[in-house]
Amino acid sequence: MSAVATPEPHVERTAEAPLLELADVGRDFDVSKPWLNRVLEGAPRLLLRAVDGVSFSVRRGETLALVGESGCGKSTVARLIVGLYAPSRGSIAFEGVDLSTPGSRSAVPQIRRRMQMIFQDPYASLNPRWRVGRIIAEPIRVNRLLADEPSVRARVGELLRQVGLTPDDAEKFPHEFSGGQRQRISIARALSSNPEFLVCDEPTSALDVSVQAQILNLMKDLQQRLGLTYLFISHNLAVVAHISDRVGVMYLGRLVELADAKTLFASPAHPYTRMLLDAVPDLAMSGAARTPVAGEVPNPLDPPKGCAFHPRCPFANARCEAERPTLARAASGTQVACHAIEEGRLPPAHR
Amino acid sequence: MSEFARRSDEEPPLEEGSEIASLEREASAESRIEAADRTSLDALARIWDHDLAYSFRRSPVTIVAAIVALLCIGGAVFAPWLAPHNPYDLAALELNDAFKPPAWTAGGTWTYPLGTDDQGRDVFSTILYGARISLAVGVASVVFAMALGVAIGLVSGYIGGRADAFLMRLADIQLSFPAILIALLIDGVARVLLPRDAHNEIALVVLVLAIGISGWVQYARTVRGSTLVERSKEYVQAARVIGRHPLAIMVAHVLPNVTGPVLVIATIHIATAIITEATLSFLGVGVPPTSPSLGTLIRIGNDYLFSGEWWVTVFPGLALILLVLSVNLLGDWLRDALNPKLR
């Protein structure tokens, strides 16, 4: 913290050990036909690279958002981090402890307690046959955080109040609540084991716009009070602008840009980020010409060679088609994976 | 038909509902893992009552089936108090009274309302006692098949991969043989393996195992299908993130959400199991003739069918038909009533 005068604030902050670090993480899914079909029909083995070579780190207390179109692998990254999937390549380290080898999570149960997840669909993320109190108390009981039943109950009541519900709600079933209230229950469950790091997989995308704002404000409020760190997965740029400190943009399983939220929204670097931001409707009706998002996301089973974005990129050249760009630090301090930016042939953004 | 509908409409709805609720609880009691949540079950039962009670009132066939089934089950359960004679009490049997025809025909007496068999046993009493054994074997083998099938289906659906492929191919292989053949096979193997004098004592156990093992596939397949759906839901993933053991997730999270269709299958399966038991007993590999089930009675009577003593086999047959048909109709109704797509 002594080096406040350094012109490059990122360098000074990364000196502090990150809470979570992903290094070259990849995950393949086997989508080939069953064994019998492969033998009889000669169908090939098909691997879907859902996540490919993703590296980033999350600093304590910040909110890092991952954005991208459907199917770009952002949810897979979230599930890799919490251990629902094991990575095919690369390493995931939580406070320097490698989580990527199978079985390491059970060896470090403390880490599991400190990392929790909030899910997308509040209608599917709560067991319909369980009472709310039992749902919220599950992490406490599994991790044996509190010894006796009255203190568990008291803690559940406290958690419910913390997320804006009442302790009496513990006796109800999930179906007695609205979507927003269910998401509050989901947050209470995630908080019940006193975690430091929350992975939020599109926590507001299934909610009404008015309720979205309430949930986002609750999450911001909880972050300040409890010193939480968020990894926030979303496809909604307005939500991301509201909540995040830094933003990573993903395309076809790869990270194409990683920047401070302010920088990213003010001057997006990567052509794909520009395209995404251009597609956001302009409420001010400024009449600025918007470039519509051109083309389709390519088939992830057969991603384009070189830069995955080159078929849709207006600035692509022969090098983009052949050579895969790597994430490199650009002049503005953001990290971008783009040959055109590296070569300086990209025109400045027209925002 | 309309008489039934009118009568049931006049009945106070509360009584109707509580009757269903008790049936419901009876049927589901064995599969409930969390007995501690009794209040939540009551609440659930209340919610279910509305729809179920309504569809029950609307279906005269179901009401008749319920009455007949209750009569059959009641008769079987209370046989020692209801039956005029005790067919197991060999000392009380009068061989002179053998082959007495039913009371309303020439030569019949009201001492033996449905006549007597070759050993002078009262047919009505043997039917009551026989239904007892048939029902006991049917229910026990269904419970056994259900426990086996649900466990295999849960593991298969939740773990997936090679274990799933192996278990489901096993199920496929078993399905390619008729259930009765598998039951015969198991029964035969058990008879060879066990000492001769132990046969009669453990005949019932072997029968339950044989029928149960031949019936698990249906449960396993249904539960596996539902488990595949539930497993991908986020509440199961949440439990995994929390760090619960897979077994705990299967039992505490998935199982309560897949039991609905299992109960329906079990109800219908009880009828099938009773038939299978009757078939095995008819073929002579079931329960011993000293404590006859309905199937044994039919087999015994079958020998005298063409010599004129028709009542020895016809009445047990009728009792079997009534019992199986009413249970089957109840199962059908339960399936339709619980299936929102058929409403």
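What you see is a predicted model, and the numbers here were worked out from it, not measured in a lab.

What follows deals with the side chain of A:Gln183. Residue and element names in this part refer to chain A. Structurally, the position occupied by Gln 183 is in helix H8 (residues 179-191). Overall, Gln 183 belongs to the buried group, its relative accessible area being 0%. A polar atom in the side chain of Gln 183 sits 3.1 Å from the backbone oxygen of Phe 119. Setting aside chain neighbours within four positions, we find Gln 183 in contact with Ile 118, Phe 119, Gln 120, Pro 122, Pro 203, Leu 207 and Ile 215.

Another aspect to go through is the pattern of salt bridges. Applying the stated criterion across every chain, the model contains 33 salt bridges over all chains. The partner of B:Asp117 in a salt bridge is B:Arg121, with the nearest N and O atoms 3.1 Å apart. For the salt bridge of B:Asp336 with B:Arg335, the shortest nitrogen-to-oxygen distance reads 3.4 Å. Given a relative accessible area of 33%, B:Asp336 falls into the partly exposed group. By relative accessible area, which is 39% here, B:Arg335 ends up partly exposed. Residues joined in a network through salt bridges with shared partners are A:Asp28, A:Arg49, A:Asp52, A:Arg89 and A:Arg324.

This part takes up the domain arrangement of chain A. All names here are of chain A. Considered domain by domain, chain A is made up of domain 1 (1-238) and domain 2 (245-351). Taken together, the 31 residues of domain 1 in the interface contact 27 residues of domain 2. In total, about 2200 Å² of surface goes out of reach between domain 1 and domain 2, with carbon and sulfur atoms giving 56% of it. The three residues of domain 1 that bury the most area against domain 2 are Val 67, Glu 69 and Leu 237, which together make up 27% of that side's buried surface. Linking domain 1 with domain 2 are three salt bridges, by the criterion used here. On inspection of domain 1 and its partner domain 2, the count reaches 13 residue pairs in polar contact (both at pLDDT 80 or more). Secondary structure elements with two or more residues in the side of domain 1 that touches domain 2: strand E2 (47-58), strand E3 (63-67) and helix H3 (74-82). A per-class count over the side of domain 1 that touches domain 2 returns 16 nonpolar, eight polar and seven charged.

Attention now goes to the sheet that holds E2(A). Backbone-to-backbone hydrogen bonds join strands into a sheet, with any given pair of strands oriented parallel or antiparallel. Residue and element names in this part refer to chain A. The strand order across the open sheet built from four strands is E2-E1-E4-E5, with neighbouring strands paired in antiparallel fashion. Strands at the two margins of the open sheet, each flanked by one partner only, are E2 and strand E5 (97-98). Across five bridges, strand E1 (residues 20-30) lies against strand E4 (residues 89-94) in antiparallel orientation. Bridge pairing in E4 links Ala 23 to Ser 91. Running at roughly 110 degrees to E1, H3 makes contact with E1, E2 and E4 of the sheet.

This brings us to the side chain of A:Ser125. As for its placement among the helices and strands, A:Ser125 is situated in the loop between strand E6 (115-118) and helix H6 (132-142). Owing to a relative accessible area of 0%, A:Ser125 belongs among the buried residues under this scheme. Other than its neighbours up to four places away in sequence, A:Ser125 contacts A:Phe119, A:Ser186, A:Arg189, B:Glu234, B:Tyr235 and B:Ala238.

Before going further, it helps to examine helix H9 (residues 209-226) of chain A. Think of an α-helix as turning once every 3.6 residues; residues three or four places apart then point the same way. Residue and element names in this part refer to chain A. When the terminal C-alpha atoms of H9 are compared, their 26 Å separation across 18 residues agrees well with the 26 Å that a helix rising 1.5 Å per residue should span. Along H9, the residues that are buried comprise Val 211, Gln 212, Ile 215, Leu 216, Leu 218, Met 219, Leu 222 and Gln 223. The arc enclosing the buried residues of H9, seen along the axis, measures out at 160 degrees, which places them on a common side. Of the exposed residues in H9, those oriented more than 90 degrees away from the buried face are Val 209, Ser 210 and Gln 224. Trailing H9 by a residue or two, Gly 227 shows a phi angle of about 65 degrees, which is positive.

What follows covers the nonpolar core. Core analysis: the largest hydrophobic core is formed by 57 residues, its most contacted members being A:Ile187, A:Met219 and A:Val247. It is H9(A) that contributes the most residues to this core, six residues altogether. Counting the residues that make up this core, at least three belong to each of domain 1 (1-238) and domain 2 (245-351) of chain A. Once residues lying within four places of it in the same chain are set aside, the contact partners of A:Val247 are A:Leu64, A:Ala65, A:Val67, A:Val240, A:Glu257, A:Leu258, A:Ala259, A:Ala261, A:Leu264 and A:Phe265. Counting residues in each nonpolar core, the second largest holds 51 residues, with B:Ile133, B:Val208, B:Ile274 and B:Ile298 among its members.

To continue, consider the state of the cysteines. Tallied over the entire structure, the rule returns zero disulfides over all chains. Its sulfur unpaired, A:Cys72 is 14 Å from the next cysteine sulfur, which belongs to A:Cys307.

Glancing now at the packing of helix H10 (residues 216-231) of chain B against helix H12 (residues 246-282) of chain B. Residue and element names in this part refer to chain B. Relative orientation of the contacting elements H10 and H12 amounts to 155 degrees, with a least axis distance of 9 Å. Between H10 and H12, the angle falls in the class roughly antiparallel. Seen from above, H10 lies across H12 with right-handed handedness. Contacts between H10 and H12 involve Gln 218, Tyr 219, Thr 222, Val 223, Ser 226, Thr 227 and Glu 230 from the former and Val 254, Asn 257, Val 258, Pro 261, Val 262, Ile 265, Ala 266 and His 269 from the latter. Here the residues of the contact of H10 with H12 are counted per class, giving eight nonpolar, six polar and one charged.

What counts, and at which threshold
- Residues numbered from 1 in each chain as written.
- Chains lettered and ligands numbered in written order.
- Predicted model: local features only at pLDDT ≥ 70, side-chain atom pairs only at ≥ 80, totals over all residues.
- Heavy atoms only, no water.
- Helix = DSSP H or I, 4+ residues; strand = E, 2+ residues; numbered from the N terminus.
- Buried < 20%, exposed > 50% of the residue type's maximum accessible area, 1.4 Å probe, protein only.
- Polar contact = N/O pair within 3.5 Å; in protein donor to acceptor, adjacent residues only side chain to side chain.
- Contact = heavy atoms within 4.5 Å.
- Salt bridge = Lys/Arg side-chain N within 4 Å of Asp/Glu carboxyl O.
- Domains from an automatic or database assignment.
- Buried area = accessible area lost by both parts, 1.4 Å probe.
- Nonpolar A, V, L, I, M, F, W, Y, C, P; charged D, E, K, R; others polar.
- Pairing = 2+ DSSP bridges.
- Axes fitted to C-alpha atoms, helices over the stretch in contact; angles between N-to-C directions.
- Expected span 1.5 Å × (residues − 1).
- Arc of directions from axis to C-beta.
- Core = buried A, V, L, I, M, F, W, Y, C linked by side-chain atoms within 4.5 Å.
- Disulfide = S-S within 2.5 Å.
- Parallel < 35°, antiparallel > 145°, perpendicular 65-115°, else oblique.
- Left-handed = near helix turned anticlockwise from the far one by under 90°.

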